[in-house]
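In case you want the letters, here they are:
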Amino acid sequence: MTNNDRLAMLRKAVADLGSQAKVGKRLGYSSATVSQVLSNSYGGQLDQFLTRVEEVFGTAEMNCPILGAIALPACVSERRKPFTTANPHRVRMYQTCRKCPYNTDDHSED
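In every chain, residue numbers begin from 1 and rise along the written sequence. Side-chain atom pairs in this predicted model are given and counted only at pLDDT of 80 or more, local residue features only at pLDDT of at least 70, and totals for whole chains, interfaces and linings cover all residues. Heavy atoms from the whole structure form the basis of all side-chain values; hydrogens and water molecules are not counted.

### Topic: the pattern of salt bridges
By convention in these notes, a salt bridge is any Lys or Arg side-chain nitrogen within 4 Å of a carboxyl oxygen on Asp or Glu. By the definition in use, this model includes nine salt bridges. Salt-bridge contacts for E78 lead to R90; the nearest nitrogen and oxygen are separated by 3.3 Å. One end of the pair, E78, is in helix α5 (residues 72-79); the other, R90, is in helix α6 (residues 88-99), with 12 residues separating them in the sequence. When sorted by exposure, E78 lands in the same class as R90, which is buried. A salt bridge links D105 to R80, with the shortest nitrogen-to-oxygen separation between them at 2.6 Å. Numbered from the N terminus, helices here are DSSP runs of H or I no shorter than four residues, and strands are runs of E no shorter than two. Burial classes: relative accessible area under 20% of the type maximum marks a residue as buried, over 50% as exposed, and values in between as partly exposed (1.4 Å probe, protein chains only).

This is the structure in structure tokens:
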């Protein structure tokens, strides 16, 4: 997906939710950031922001080796759940997600 596709997804999310503030809250960014991105004046890491847009509002289907076909937002949600050794499924998901090519999370501290 291109940045233009992600920008279109962002515009649609603002139209669907009715405000930049609501979209920003779902993304974990301020409404000012959403406004700056839409007006092409954002000085931050645009790729990182647009990746987050796709993670939250995307409809792409991922082929999870454990769960099968799942939507990208579900993939992101699963891989960001906390690790626990008390649940064998979480252990397996944690190990698999960290190596997954769909995983855009930063693991540079590993």
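There is more to say after this.
### Structural notes on the state of the cysteines
Every disulfide links exactly two cysteines, by a covalent bond between their sulfur atoms. Disulfide: a pair of cysteine sulfur atoms within 2.5 Å of each other. On inspection of all chains with the given rule, the structure shows zero disulfides. Among the cysteines around C75, which has no disulfide bond, C100 carries the closest sulfur, lying 5.7 Å off. Among the residues examined, C75 registers a relative accessible area of 10% and is labelled buried.

### Remarks on the packing of helix α1 (residues 3-17) against helix α3 (residues 31-38)
One way to put it is that α1 packs onto α3 with a least axis distance of 11 Å and a crossing angle of 130°. With respect to α3, the axis of α1 lies oblique. The chirality of how α1 crosses α3 is left-handed. Of α3, the residues touching α1 (which contributes L7, L10, R11 and V14) are V34, V37 and L38. Grouping the constituent residues of the contact of α1 with α3 by class yields six nonpolar, no polar and one charged. All axes are obtained by fitting lines to C-alpha atoms, using only the stretch in contact for helices, and the reported angles, taken between N-to-C directions, cover 0 to 180 degrees. Note on terminology: angles under 35 degrees are roughly parallel, angles over 145 are roughly antiparallel, angles of 65 to 115 are roughly perpendicular, and the others are oblique. Here a crossing is called left-handed whenever its near helix is offset anticlockwise from the far helix by less than a right angle, and right-handed whenever the offset is clockwise. Throughout, a contact is declared for two residues whenever any of their heavy atoms are within 4.5 Å. Throughout this entry, Asp, Glu, Lys and Arg are counted as charged residues, while Ala, Val, Leu, Ile, Met, Phe, Trp, Tyr, Cys and Pro are counted as nonpolar. The remaining residues, Gly among them, count as polar.

### Quick look at the side chain of T33
Looking at where T33 falls in the secondary structure, it is placed in helix α3. A distance of 3.0 Å separates polar atoms of two side chains, one belonging to T33 and the other to S30. Setting aside chain neighbours within four positions, we find T33 in contact with Y42 and F49. What qualifies as a polar contact is a pair of N or O atoms within 3.5 Å, subject to a donor-acceptor requirement within protein and to the restriction that residues adjacent in sequence count only when both atoms come from side chains.

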